[in-house]
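Listed below, chain by chain, are the residues.
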Amino acid sequence: LNKVIQFKLGLIFIIKDFHGSWNQTLGHHTVLHNTNDDLNIKSIIKRFLDKKAQKSKILISLAPYGRSFKLLSSLTSIGSPAGGPASEGKVYLYI
């Protein structure tokens, strides 16, 4: 981290794919904060700030899409069992 923080222009974090169909459970692919583990934006940025990265040089880019999961039960909350990607459904365009 110390070597990365030395860059003068700034740090760009492209935040995506924390969870996906490769996981055994449902989860957000762009996790802002989570009390269960450190795999989230808040914890990652905190690590850099703890190493004296400048807040004014940090840019966070969030994923503008969603992920689908194949449900393995009737449960639909985070952490529920999943088994790969869901089948393709309708595509909606929101303007």
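A brief look at the structure comes next. (Residues numbered from 1 in each chain as written. Predicted model: local features only at pLDDT ≥ 70, side-chain atom pairs only at ≥ 80, totals over all residues. Heavy atoms only, no water.)

Considering the environment of Asp38
With respect to the helices and strands, Asp38 occurs in the loop between β1 (11-15) and α2 (41-50). Other than its neighbours up to four places away in sequence, Asp38 contacts Ser43, Ile44 and Arg47. (Helix = DSSP H or I, 4+ residues; strand = E, 2+ residues; numbered from the N terminus. Contact = heavy atoms within 4.5 Å.)

Description of the pairing of β1
Residues Leu11, Phe13 and Ile15 of β1 are buried on one face, while the alternating residues Ile12 and Ile14, pointing to the opposite face, are not. Taken together, the five bridges between β1 and strand β2 (residues 58-62) define a ladder with parallel strand orientation. Residue pairing across strands places Phe13 opposite Ile60, the latter belonging to β2. (Buried < 20%, exposed > 50% of the residue type's maximum accessible area, 1.4 Å probe, protein only. Pairing = 2+ DSSP bridges.)

Digging into the nonpolar core
In this structure, Leu11, Phe13, Ile15, Phe18, Val31, Ile41, Ile44, Ile45, Phe48, Ala53 and Ile58 together form the largest nonpolar core, which totals eleven residues. At the level of elements, β1 and α2 are the ones that each hand at least two residues to this core. The dominant element in this core, judged by the number of residues it contributes, is α2, at four residues. Those residues in contact with Val31 that lie beyond four places of it in its chain are Phe18, His19, Leu39, Asn40 and Ile41. (Core = buried A, V, L, I, M, F, W, Y, C linked by side-chain atoms within 4.5 Å.)

Topic: the environment of Ile41
Within the secondary structure layout, Ile41 lies in helix α2. Along the chain, Ile41 and Phe13 lie 28 residues apart, while their C-alpha atoms are 8.9 Å from each other. Setting aside residues up to four positions removed in sequence, Ile41 forms contacts with Ile15, Phe18, Thr30, Val31, Leu32, Ile60 and Leu62.

Details of a nonpolar patch on the surface
Together, Ile12, Ile14 and Leu59 make up a nonpolar patch on the protein surface, roughly 340 Å² of accessible area in all. With respect to the secondary-structure elements, Ile12 resides in strand β1. A relative accessible area of 60% means that Ile12 is categorised as exposed. (Patch = residues over 30% accessible without salt bridge, like charges linked within 9 Å, V, L, I, M, F, W, Y side chains within 5 Å. Areas by Shrake-Rupley, 256 points an atom, 1.4 Å probe, with all protein chains shown as cover. Salt bridge = Lys/Arg side-chain N within 4 Å of Asp/Glu carboxyl O.)

A closer look at the pattern of salt bridges
Taken as a whole and assessed by the stated rule, the structure comprises two salt bridges. Measuring nitrogen to oxygen at the nearest pair gives 2.9 Å for the salt bridge that ties Asp50 to Lys46. Remark: Lys46 and Asp50 occur in helix α2; sequence separation between them is four residues, near one turn of the helix. What makes Asp50 partly exposed here is its relative accessible area of 47%.

With respect to the packing of aromatic side chains
As enumerated under the stated definition, the model contains one aromatic pair in all. Ring centres 4.9 Å apart and planes at 80° place the aromatic pair Phe13 and Phe48 in the edge-to-face group. In this pair, Phe13 is assigned in strand β1 and Phe48 in helix α2, connecting sequence segments 35 residues apart. Since its relative accessible area comes to 11%, Phe13 is described here as buried. (Phe/Tyr/Trp six-rings, centres within 6.5 Å; stacked < 30°, edge-to-face > 60°.)

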